[in-house]
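The lines below spell out each chain.
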Amino acid sequence: MKFELRKFNRDIMDQELLDDLAAASRQLQSTGKKLTFRSYREVGNYSSSTIAARFGSWNNALKKAGLILNEEKDVSIDELFDNLKLVWIAKGKQPVYRDMSCPPSKYAGSTYNSRFGGWRNALKKFVTAFEHESINLTSSTRENRKRIQKRASRNPPLSLRFFVLKRDNFRCNGCGRSPASTSGLELEVDHIQPWSKGGDTVATNLQTLCFDCNRGKGASLPF
Ligand SMILES: [Zn+2]
């Protein structure tokens, strides 16, 4: 018997947990398995519940680690649609099934299959839900604005936030820092021309800023 002091979970940095998640995912993948709350226990160095508690939920932890979510429970239809929209925008055209298994997608095609009874059905439901919505990411021409009529909300939808963060390479446009290099750095999506001054919630008017740079701007408010 060895008398070893067990490491206190609260002393572990978030990044260590995320790194271990990524390592566990790779290890499981090499044996054809997927990283889930249950399978992590077999190969991870920490407990699945510790990780879930630290990041608010298991799915949040996977998202923070940049991994595809394999557990489809607890994922709302809205979240699946937002993810599909993000991939559609990122690709610039209708995604195919295998597009869902790589970044920026967070949910695998199989999740859509089982939730909607097939990939084709998922696409149909998505298009029906969003056919009234037109997203123009490259321009906000007067014509386009007229067509949309109603001003977009101040809060960018999840998919647009992801799009802006990804476009800016997950770095603050002010100081250049990223969560990868600075632990605990929070990135926010900021209106370049403030929303309060008529700035639109479109990709061309949005930029990635860290918490500090965003607060330091004075005239503009977060989001
Ligand atoms: Zn910054």
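Refer to the preceding data block for the structure.
The present account deals with the structure reproduced in this document. (Residues numbered from 1 in each chain as written. Predicted model: local features only at pLDDT ≥ 70, side-chain atom pairs only at ≥ 80, totals over all residues. Heavy atoms only, no water.)

**Thoughts on the overall build of the protein chain**
Phase 1: Regarding its fold elements, the protein chain presents 10 helices and two strands.
Phase 2: Put simply, the protein chain runs from its N terminus to its C terminus through helices and strands in the order α-α-α-α-α-α-α-α-α-β-β-α.
Phase 3: In the protein chain, which comprises 223 residues, the share counted as buried stands at 38%.
Phase 4: Restricting the contact set of the protein chain to residue pairs at least 6 apart, pairs at least 24 apart contribute 58%.
Phase 5: As presented, the protein chain carries roughly 13400 Å² of accessible surface, and 51% of it is formed by carbon and sulfur atoms. (Helix = DSSP H or I, 4+ residues; strand = E, 2+ residues; numbered from the N terminus. Buried < 20%, exposed > 50% of the residue type's maximum accessible area, 1.4 Å probe, protein only. Contact = heavy atoms within 4.5 Å. Areas by Shrake-Rupley, 256 points an atom, 1.4 Å probe, with all protein chains shown as cover.)

**Side note on the packing of helix α5 (residues 77-91) against helix α9 (residues 158-167)**
Phase 1: Running from N to C, α5 and α9 point in directions that differ by 40 degrees, and their axes come no closer than 8 Å. With respect to α9, the axis of α5 lies oblique. Note that α5 runs across α9; the crossing there is right-handed. Here Asp82, Lys85, Leu86 and Ile89 of α5 lie close against α9, whose contacting residues are Leu158, Ser159, Phe162 and Phe163.
Phase 2: Of the residues belonging to the contact of α5 with α9, the class tally is five nonpolar, one polar and two charged. (Axes fitted to C-alpha atoms, helices over the stretch in contact; angles between N-to-C directions. Parallel < 35°, antiparallel > 145°, perpendicular 65-115°, else oblique. Left-handed = near helix turned anticlockwise from the far one by under 90°. Nonpolar A, V, L, I, M, F, W, Y, C, P; charged D, E, K, R; others polar.)

**Let's talk about the nonpolar core**
Phase 1: Among the nonpolar cores identified, the biggest contains 16 residues, and Leu21, Leu35, Tyr40, Ile51 and Trp58 are the most heavily contacted of them.
Phase 2: Broken down by secondary-structure element, the contributors of at least two residues to this core are α1 (14-30), α3 (48-55) and α4 (58-64).
Phase 3: Per-element accounting of this core gives the leading share, five residues, to α1.
Phase 4: Residues contacting leucine 21, with those up to four places away along its chain left out, are Leu35, Tyr40, Ile51, Trp58, Ala61, Leu62, Ala65 and Leu67.
Phase 5: Judged by nonpolar contacts, the second largest core, of 14 residues, contains Met100, Tyr112, Trp119 and Leu123. (Core = buried A, V, L, I, M, F, W, Y, C linked by side-chain atoms within 4.5 Å.)

**Quick look at the coordination of the zinc ion**
Phase 1: Protein-derived coordination of the zinc ion comes from Cys172 (SG), Cys175 (SG), Cys210 (SG) and Cys213 (SG), at a distance range of 2.3 to 2.4 Å.
Phase 2: Relative to the metal, the four donor atoms surrounding the zinc ion lie at angles of 103 to 116 degrees, and the coordination shape comes out tetrahedral.
Phase 3: In primary-sequence terms, the residues that donate to the zinc ion follow C-x2-C-x34-C-x2-C. (Donors = N, O, S within 2.8 Å, 3.2 Å for Na, K, Ca; no water. Tetrahedral: all angles 85-135°; square planar, octahedral: opposite > 155°, others 65-115°.)

**Quick notes on the packing of aromatic side chains**
Phase 1: Considering all chains together, one arrives at eight aromatic pairs under this definition.
Phase 2: Residues phenylalanine 81 and phenylalanine 116 carry aromatic rings whose centres are separated by 5.6 Å and whose planes lie at 10 degrees to one another, so their mutual orientation is stacked. Of the two residues, phenylalanine 81 is situated in helix α5 and phenylalanine 116 in helix α6 (residues 109-116); the sequence distance between them amounts to 35 residues.
Phase 3: Members of the aromatic cluster, connected to one another through ring pairs, are Phe81, Trp88, Tyr97, Tyr112, Phe116, Trp119 and Phe126.
Phase 4: The ring of phenylalanine 211 has arginine 215 lying over it, and the distance from NZ or CZ to the ring centre is 3.9 Å. (Phe/Tyr/Trp six-rings, centres within 6.5 Å; stacked < 30°, edge-to-face > 60°. Lys NZ or Arg CZ within 6 Å of the ring centre and 35° of its normal.)

**Details of α6**
Phase 1: Buried within α6 are the following residues: Gly109, Thr111, Tyr112 and Phe116. Across the axial projection of α6, the buried residues extend over an arc of 155 degrees, all falling on one side.
Phase 2: In the core, the buried residues of α6 are packed alongside α5 and α7 (119-130).
Phase 3: Following α6 by one or two positions, glycine 117 adopts a phi angle in the positive range, close to 70 degrees. (Arc of directions from axis to C-beta.)

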